[in-house]
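# Structural overview
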Amino acid sequence: MLDELLHRVSNHTPRTLETDKRFPEAAVLVPITRSDEPELVLTLRASGLSTHGGEVAFPGGRRDPEDPDLIFTALREAEEEIGLPPGLVEVIGPLSPLISLHGIKVTPYVGVIPDFVEYRANDAEIAAVFSVPLEFFRKDPREHTHRIDYQGRSWYVPSYRYGEYKIWGLTAIMIVELINLLYDARISLHQPPKSFINT
């Protein structure tokens with residue numbers, strides 16, 4: 001089951017993003033646990049951080065000049081932030097890059113990890129590490145929708161509530177691409193859902 005889903009990721013051609021080369025680059029790891037009911041591993045960023053403090057995100061960060069490529073960046077940052085050894089990650093392939101509100105080009109990489117990893121959160125950066133079943137997102141149980149006007153079009157980005165955690169923004173956009181790819185879920189980011197009320 002999981003291998004069939006991952007086959008879709010490895011055959012996926014992400015959207016290209018033609019950007020000015022001056023954009024700084026970053027990469028995040030989208031970790032999926034290898035289990036009968038696969039889960040996505042996410043972090044809650046420490047509230048004191050200058051960017052995205054107190055927000056849910058995938059482990060990752062900015063590319064260092066000495067990083068040979070963005071996969072290396074994603075794995076290095078995941079190890080620094082949550083203590084995930086790079087050797088435990090089977091990198092499957094990239095999702096489409098996005099530009100953050102801070103003008104950083106972020107490329108997500110889907111990776112499979114064992115479901116028994118003992119995470120060690122870097123307290124300076126990460127307040128919590130938690131996981132959410134992929135099935136949860138498949139049903140698109142959005143709490144509400146944020147409309148973002150970007151690059152000449154409107155994006156209708158879901159905001160999910162899982163326990164005490166609010167999952168929205170760039171992270172939610174990445175999750176929608178993943179869920180559409182894995183399950184043919186057809187969650188649209190460019191059409192408002194029926195529940196969307198334009199206020």
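The rules behind the values
Residues numbered from 1 in each chain as written. Predicted model: local features only at pLDDT ≥ 70, side-chain atom pairs only at ≥ 80, totals over all residues. Heavy atoms only, no water. Helix = DSSP H or I, 4+ residues; strand = E, 2+ residues; numbered from the N terminus. Rg over C-alpha atoms; globule rule 2.2 N^0.38 Å. Buried < 20%, exposed > 50% of the residue type's maximum accessible area, 1.4 Å probe, protein only. Contact = heavy atoms within 4.5 Å. Lys, Arg positive; Asp, Glu negative; His and termini not counted. Charge placed at Lys NZ, Arg CZ, Asp CG, Glu CD. Expected span 1.5 Å × (residues − 1). Polar contact = N/O pair within 3.5 Å; in protein donor to acceptor, adjacent residues only side chain to side chain. Axes fitted to C-alpha atoms, helices over the stretch in contact; angles between N-to-C directions. Left-handed = near helix turned anticlockwise from the far one by under 90°. Nonpolar A, V, L, I, M, F, W, Y, C, P; charged D, E, K, R; others polar.

The subject of this paragraph is the overall build of the protein chain. Regarding its fold elements, the protein chain presents four helices and 11 strands. Radius of gyration (C-alpha) of the protein chain: 16 Å, near the 16 Å computed for a compact globule of 199 residues. Based on the C-alpha atoms only, the size of the protein chain along its principal axes is roughly 45 × 40 × 35 Å. Split into buried and exposed, the 199 residues of the protein chain put 47% on the buried side. Looking at the protein chain alone, contacts between residues at least 24 apart form 64% of all its contacts between residues at least 6 apart. Computed over 20 positive and 29 negative side-chain charges, the inter-centroid distance for the protein chain is 9 Å.

This part covers helix 2 (residues 70-82). With 13 residues, helix 2 extends 18 Å between its outermost C-alpha atoms, agreeing within 8% with the 18 Å of an ideal straight helix rising 1.5 Å per residue. For helix 2, the set of buried residues is Leu70, Thr73, Ala74, Leu75, Arg76, Glu77, Ala78, Glu81 and Ile82. Where helix 2 is buried, its residues contact strand 1 (25-34), strand 2 (39-45), strand 4 (60-62), strand 5 (90-94), strand 7 (105-114) and strand 8 (126-133). The opening residue of helix 2, the one whose side-chain oxygen lies 3.3 Å from the backbone nitrogen of isoleucine 71, is aspartate 69. Glycine 83, located one to two residues past helix 2, shows a positive phi value of around 70 degrees.

It is the contact of helix 1 (residues 2-10) with helix 4 (residues 169-183), at a shortest axis distance of 8 Å, that shows an interaxial angle of 115 degrees. Read as a crossing pair, helix 1 and helix 4 show a hand that is right-handed. Residue-level contacts link Leu5, Arg8 and Val9 of helix 1 to Leu178, Leu181, Leu182 and Tyr183 of helix 4. When its residues are assigned to classes, the contact of helix 1 with helix 4 shows six nonpolar, no polar and one charged.

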